[in-house]
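# Structural overview for review
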Number of protein chains: 2
Amino acid sequence: MFYLIGIGLGDAKDITVKGLEIVRKAEKVFLESYTSVLSVGKHVLEEFYGRELVIADRDLVELGSDEILSSALEKDVAMLVVGDPFGATTHVDLLVRAKQLGIPTKVVHNASIMNSIGCCGLQLYTFGETVSIPFWTETWKPDSFFEKICNNKQRGLHTLCLLDIKVKEPTWESMTKKKKEYLPPHFMTVAQAAQQLVEIIKIKNCPELSVTVDTLCIGVARVGSDDQIFKMCTLQEMTQVDLGPPLHSLVIVGTMHQIEKEYIENFAECGGAIK
Amino acid sequence: MFYLIGIGLGDAKDITVKGLEIVRKAEKVFLESYTSVLSVGKHVLEEFYGRELVIADRDLVELGSDEILSSALEKDVAMLVVGDPFGATTHVDLLVRAKQLGIPTKVVHNASIMNSIGCCGLQLYTFGETVSIPFWTETWKPDSFFEKICNNKQRGLHTLCLLDIKVKEPTWESMTKKKKEYLPPHFMTVAQAAQQLVEIIKIKNCPELSVTVDTLCIGVARVGSDDQIFKMCTLQEMTQVDLGPPLHSLVIVGTMHQIEKEYIENFAECGGAIK
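Residues numbered from 1 in each chain as written. Chains lettered and ligands numbered in written order. Predicted model: local features only at pLDDT ≥ 70, side-chain atom pairs only at ≥ 80, totals over all residues. Heavy atoms only, no water.

What follows covers the relation of the copies chain B and chain A. Screw-axis analysis of chain B against chain A gives a translation of 0.0 Å along the axis, an RMSD of 0.0 Å, and a rotation angle of 180°. Accordingly, the operation relating the two chain copies is best matched by a two-fold axis. Most of the interface of chain B is mirrored in chain A: 100% of its interface residues are interface residues there too. (Least-squares fit on C-alpha atoms with pLDDT ≥ 70 in both. Contact = heavy atoms within 4.5 Å.)

Our focus in this paragraph is the interface of chain B and chain A. The interface of chain B with chain A comprises 51 residues on the first partner and 51 residues on the second. Summed over both partners, the interface of chain B with chain A comes to about 4,600 Å²; 56% of that surface belongs to carbon and sulfur atoms. Together, Lys18, Phe86 and Arg155 of chain B form the three largest contributors to the area buried by chain B at its contact with chain A, with a combined 13%. One salt bridge in this structure joins aspartate 14 of chain A and lysine 18 of chain B, with 3.1 Å as the shortest N-O distance. The interface formed by chain B and chain A holds 22 residue pairs in polar contact (both at pLDDT 80 or more) in total. Mapped onto the side of chain B that touches chain A, the elements with two or more residues apiece are helix 1 (17–25), helix 5 (89–100), strand 5 (105–108), helix 6 (113–116), helix 7 (144–154) and helix 10 (258–267) of chain B. The leading source of residues in the side of chain B that touches chain A is helix 5 of chain B, at seven residues. Residue composition of the side of chain B that touches chain A, by class: 19 nonpolar, 18 polar and 14 charged. (Buried area = accessible area lost by both parts, 1.4 Å probe. Salt bridge = Lys/Arg side-chain N within 4 Å of Asp/Glu carboxyl O. Polar contact = N/O pair within 3.5 Å; in protein donor to acceptor, adjacent residues only side chain to side chain. Helix = DSSP H or I, 4+ residues; strand = E, 2+ residues; numbered from the N terminus. Nonpolar A, V, L, I, M, F, W, Y, C, P; charged D, E, K, R; others polar.)

Another aspect to go through is the pattern of salt bridges. By the definition in use, this model includes 24 salt bridges over all chains. A salt bridge links aspartate 143 of chain A to lysine 204 of chain A; the nearest nitrogen and oxygen atoms lie 3.6 Å apart. Taken together, the residues aspartate 143 of chain A in the loop between strand 6 (131–133) and helix 7 (144–154) and lysine 204 of chain A in helix 8 (residues 190–204) connect sequence positions 61 residues apart. A relative accessible area of 31% means that aspartate 143 of chain A is categorised as partly exposed. What makes lysine 204 of chain A partly exposed here is its relative accessible area of 39%. Between lysine 25 of chain B and aspartate 76 of chain B there is a salt bridge; the shortest N-O distance is 3.3 Å. (Buried < 20%, exposed > 50% of the residue type's maximum accessible area, 1.4 Å probe, protein only.)

This next bit is on the packing of aromatic side chains. Summed over all chains, the structure comprises eight aromatic pairs over all chains. An aromatic cluster of at least three residues, connected via ring pairs, comprises Phe86 of chain A together with Phe230, Tyr263 and Phe267 of chain B. Across from the ring centre of phenylalanine 48 of chain B, 6.0 Å away, lies the NZ or CZ of arginine 24 of chain B, which sits over that ring. (Phe/Tyr/Trp six-rings, centres within 6.5 Å; stacked < 30°, edge-to-face > 60°. Lys NZ or Arg CZ within 6 Å of the ring centre and 35° of its normal.)

The next subject is empty space enclosed by the protein. Tallied over the entire structure, the rule returns three cavities of 30 Å³ or more. Roughly 210 Å³ of volume is contained in the largest cavity. (1 Å grid on protein atoms, 1.4 Å probe; cavity = no way out; pocket = protein on both sides within 12 Å on 5 of 7 lines; lining within 4 Å. Points joined across faces, edges and corners; volume = space filled by probe spheres on them.)

A separate point is unusual backbone geometry. All names here are of chain A. Backbone torsion omega between proline 246 and leucine 247 reads -10°, so that peptide bond is classified as cis. Among the secondary structure elements, leucine 247 is positioned in the loop between helix 9 (235–238) and strand 12 (248–252). The phi dihedral of arginine 222 is positive, around 55°, even though this residue is not glycine.

Residues and elements named next belong to chain B. The mixed open sheet is built from five strands, whose spatial order is 6-7-12-10-11. With one partner strand each, in any of the chains shown, strand 6 (131–133) and strand 11 (229–234) form the two edges of the open sheet. For this sheet, the mean inter-axis angle between neighbouring strands, taken without regard to orientation, is 25°. Across five bridges, the pairing between strand 10 (residues 216–221) and strand 12 (residues 248–252) is antiparallel. Bridge pairing in strand 12 places alanine 221 opposite histidine 248. In the packing of helix 8 (residues 190–204) onto the sheet, the strands contacted are strand 6, strand 7 (159–163), strand 10 and strand 12, and the crossing angle to strand 12 comes to about 40°. (Pairing = 2+ DSSP bridges. Axes fitted to C-alpha atoms, helices over the stretch in contact; angles between N-to-C directions.)

What follows deals with the UniProt feature "domain: Tetrapyrrole methylase" (unreviewed entry) in chain A. Here, the residues flagged by UniProt with the feature "domain: Tetrapyrrole methylase" (unreviewed entry) are residues 1–179 of chain A. The span residues 1–179 of chain A is 31% helix and 18% strand, and its two end C-alpha atoms sit 34 Å from each other. (UniProt positions renumbered as here; feature names shortened; annotations may be inferred.)

Moving on: the packing of helix 7 of chain A against helix 8 of chain A. All names here are of chain A. It is the contact of helix 7 with helix 8, at a shortest axis distance of 11 Å, that shows an interaxial angle of 85°. Of the possible angle classes, the one that applies to helix 7 and helix 8 is roughly perpendicular. When helix 7 is examined against helix 8, the residues Phe145, Phe146 and Ile149 are found in contact with a partner set consisting of Leu197, Ile200, Ile201 and Lys204. (Parallel < 35°, antiparallel > 145°, perpendicular 65-115°, else oblique.)

All right, on to the UniProt feature "binding site: S-adenosyl-L-methionine" (unreviewed entry) in chain A then. Residues and elements named next belong to chain A. The sites that UniProt annotates as "binding site: S-adenosyl-L-methionine" (unreviewed entry) are Leu9, Asp84, Gly87, Ser112, Ile113, Leu163, Val223 and His248. Mapped onto the elements, leucine 9 comes out in the loop between strand 1 (2–6) and helix 1 (17–25). When residues no more than four places from it in sequence are discounted, the contact partners of leucine 9 are Asp14, Ser39, Val82, Gly83, Ala111, Ser112, Ile113, Ser116, Val223 and Ser225. When you line up the elements, glycine 87 lands in the loop between strand 4 (77–81) and helix 5 (89–100). Note on glycine 87: relative accessible area 47%, which makes it partly exposed.

The subject of this paragraph is the sheet that holds strand 1 (residues 2–6) of chain B. Residues and elements named next belong to chain B. Strand order in the open sheet made by the five strands is 3-2-4-1-5, with parallel pairing throughout. One side of each edge strand has no neighbouring strand; the edge strands of this open sheet are strand 3 (54–56) and strand 5. Here the average twist between neighbouring strands, direction ignored, is 25°. As paired elements, strand 2 (residues 28–32) and strand 4 (residues 77–81) share four bridges and run parallel to each other. Residue pairing in the sheet places leucine 31 in a bridge with leucine 80 of strand 4. Taken strand by strand, helix 5 contacts strand 1, strand 2, strand 4 and strand 5, and its axis lies near 165° from that of strand 1.

Attention shifts here to the environment of valine 131 of chain A. All names here are of chain A. Note on placement: valine 131 falls in strand 6. Judged by its relative accessible area of 3%, valine 131 falls in the buried class. In the structure, valine 131 is positioned 63 residues away from isoleucine 68 in sequence and 30 Å away in space, judged by C-alpha atoms. Once you skip the residues sitting within four places of it in the chain, valine 131 turns out to touch Phe145, Lys148, Ile149, Thr159, Leu160, Cys161 and Leu162.

Written as structure tokens, this is what we have:
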């Protein structure tokens, strides 16, 4: 059996009881470590679970999945995933390959940013399409996500912006080499995301945009952890906000309802004053 | 302290380890029982948690919340919620009231239909706005959700349709009486939801609708449980599909990508043949 087990967003105790039972009895347990990032170290999980975990990095998951799956034909193999297993196509792909190899599969769900973002007080059913904001480089500055945010805003919908993370990314220089060299892990902050959005707005320079530098947004950090924090201000102001360590997400606010305002006024950092 | 604890979608073991620890040490634990529905009975939870639970029905949560919160000033009080705590405005409202009473609060997240719907193979970031489909009556046939589904479809986005549940709904006749009488609990099936959508399409009778009776949809039942099931067919065909016991949800498919098709072909009931 091949198990895909979501371990949630916070710490070791966010795994479900069902998930923990599988982890403790499985023959081998992988810890997927590149589509998202743990807020606690691998050793913290190992200590709590009472067993060894094998790090599954990008190379192993994308190129060596047969190695992971082959032993699942006869034994119980589990892969732990931050958040929920259906958060990344990589995991969906693994399930398909397992099925094609005749390996039974089972998924254990957990909280992910896609539903936990409700912690900022905005109702999940008034969110539109989710977007991803990638790190810009000198020569590569995509902005297709901006149109989606505007489409949502026009319909009064909020937009969850997932911010880029770079974990075990090979350097450009080493891409064609046998021995890859990797960039240090880095994570987009709400300030960086807001800055890219402000630049897009300035380049478009169109007075009819539904999203402007004065549009309200909510920056959230470390959702699901004890030191979770969120703050609401304009996009322009968000370029100066520091929410501390990763992971960060940014929500572009659509039309707010009374209960949403009330929650934010009560729970946002710095009062979350609504203009 | 007032704890709001998500218990996920499946059975007793879907609670997180963190949630279970709070449940076992709290002074009083309520089980919210009207915004969603448990797939296992209260006694199953009580046995697994090793403690007594107090059912919090609609009247208690909406009218008697002070009773719930007052004891949280000095003691630890927890409320268990099916799925994730931020799935219903009712719970957001409880957090706001607790804050205003000076009671510290803490939320323990879990999987909810809003992210677990990924189990049908469609990628969560290609879903648009979520809609709710209510039971029609003889005289009340709202259809505003249909426009939202069409808006999503035009942009290639999938739509999660949450289907109505009626738990402890007072009968019309008893609305003004002191002693309320309640309708038996009932749950909308995917066939009923598809039937209402087909009726709307026929009434609109417009050849340019982006959603027609031939639009593909996916019916899902008992997401997160061992007997979870999903099936893809046209809306017209879905009116004849029986997915068994509740809860059901319906997804109107937008534009499918290759990995989504592959997953559905491999995992949907009856092959999930894609036309």
